[in-house]
Every structure is written in structure tokens, then in C-alpha cells.
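For reference, the chains in residue letters:
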Amino acid sequence: MDAYNEELKRTAYQKKAVSRLPAAEVLDLAIAFFATRGYRAGRTGRPNQVFVMGKAEGRLPRVTGEVSARADVGKPGTTLVTMDAVGEQLGPTMAEFHRSLRPRRSPAPATVDGKEPA
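None of these values were measured; they are calculated from a predicted model.

Student: Help me out: how do you make sense of the side chain of Thr79 in this one?
Tutor: For Thr79, the position within the fold is in strand S5 (residues 79-86). Judged by relative accessible area, Thr79 falls into the buried class, the value being 2%. Within the local environment of Thr79, its side chain forms a polar contact with the backbone oxygen of Leu21, the two atoms lying 2.6 Å apart. Those residues within four positions of Thr79 in sequence are excluded, and the remaining contacts are Ala17, Val18, Ser19, Leu21, Pro22, Ala23, Ala69, Arg70 and Ala71.

As C-alpha cells, this is what we get:
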């Protein structure tokens, strides 16, 4: 059991990110992203949450992960994305998903001399 717990700790990936994309769009991106990489992914029974499952990796008999998105955290239009994964390949794949969110961020409204554009 200790070897199993060591593997869980070693391969864990847990991060939070902020996005300007709507929560539903983030979750749809996550499902498509992981499905194209050979993992099962879909919405869970909980709102705004996606599961990710895969076959054995390393010493783990099965790998799992989840992505959740909470809309309107802080400022309106801001989505908090929480990513959790365990697995020798799933952890780095989750990190890749995290990096893929950055270019998809819609830019913040531009300001001119501290004023909103007309």
C-alpha cells in the first residue's frame, strides 16, 4: 500500500488557473483535449465538472483526473479552473492542458488613459 501511495504523491498534478472563457467552454475544451489523447473524459453528475480516466500507467492500475470550472469568481466573466490528476502520463497531459488554456484566454478590455473604450 505504501508503494501505491508513493506513486500517487509522485505523479500528482494539482493546479488552479484563471480564464476569461465561460465555464461550459472550458469543460468542453477539456473533454475534447483528453479524448484526443486516448483518455475517457466526460461530464460528471456534479455541475461544472469533468472526469478523466485512463488505463494503467506506471505502478497505478488506473489513472484519474478532474477539471472543474467555477464561473464569475472575483470579477464577472472570470472563470476559476481547478485541475487535478494522478498518473505518470496523465499528470504531464494535465499540465499540457493547463498550458493550452493560456492562448485561448480572451484579452481583457483595453483601456485608453484609464478609461474604457467607447
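The discussion continues.
Student: Looking at this model, I keep getting lost on the layout of surface pockets. Mind explaining?
Tutor: Take a probe with the size of a water molecule and roll it over the atoms, and the empty space left behind shows itself. Estimates place the volume of the largest pocket at around 160 Å³. Looking at the largest pocket, it is lined by 14 residues, and the ones nearest its centre are Thr64, Gly65, Glu66, Asp84 and Ala85. Within the residue set of the lining of the largest pocket, elements represented by two or more residues are strand S1 (12-19), strand S3 (49-54), strand S4 (63-70) and S5. No other element matches S3, which puts four residues into the lining of the largest pocket. Residue composition of the lining of the largest pocket, grouped by class: seven nonpolar, five polar and two charged.

Student: I tried to follow the environment of Thr82 on my own but got confused; where do I start?
Tutor: Mapped onto the fold, Thr82 is located in strand S5. Residue Thr82 is classed as partly exposed on the basis of its relative accessible area, which comes to 24%. In sequence terms Thr82 and Val18 are 64 residues apart; their C-alpha atoms lie 8.8 Å from each other. Setting aside residues no more than four positions away along its own chain, Thr82 makes contact with Lys15, Lys16, Glu66, Val67 and Ser68.

The rules behind each value
Residues numbered from 1 in each chain as written. Predicted model: local features only at pLDDT ≥ 70, side-chain atom pairs only at ≥ 80, totals over all residues. Heavy atoms only, no water. Helix = DSSP H or I, 4+ residues; strand = E, 2+ residues; numbered from the N terminus. Buried < 20%, exposed > 50% of the residue type's maximum accessible area, 1.4 Å probe, protein only. Polar contact = N/O pair within 3.5 Å; in protein donor to acceptor, adjacent residues only side chain to side chain. Contact = heavy atoms within 4.5 Å. 1 Å grid on protein atoms, 1.4 Å probe; cavity = no way out; pocket = protein on both sides within 12 Å on 5 of 7 lines; lining within 4 Å. Points joined across faces, edges and corners; volume = space filled by probe spheres on them. Nonpolar A, V, L, I, M, F, W, Y, C, P; charged D, E, K, R; others polar.

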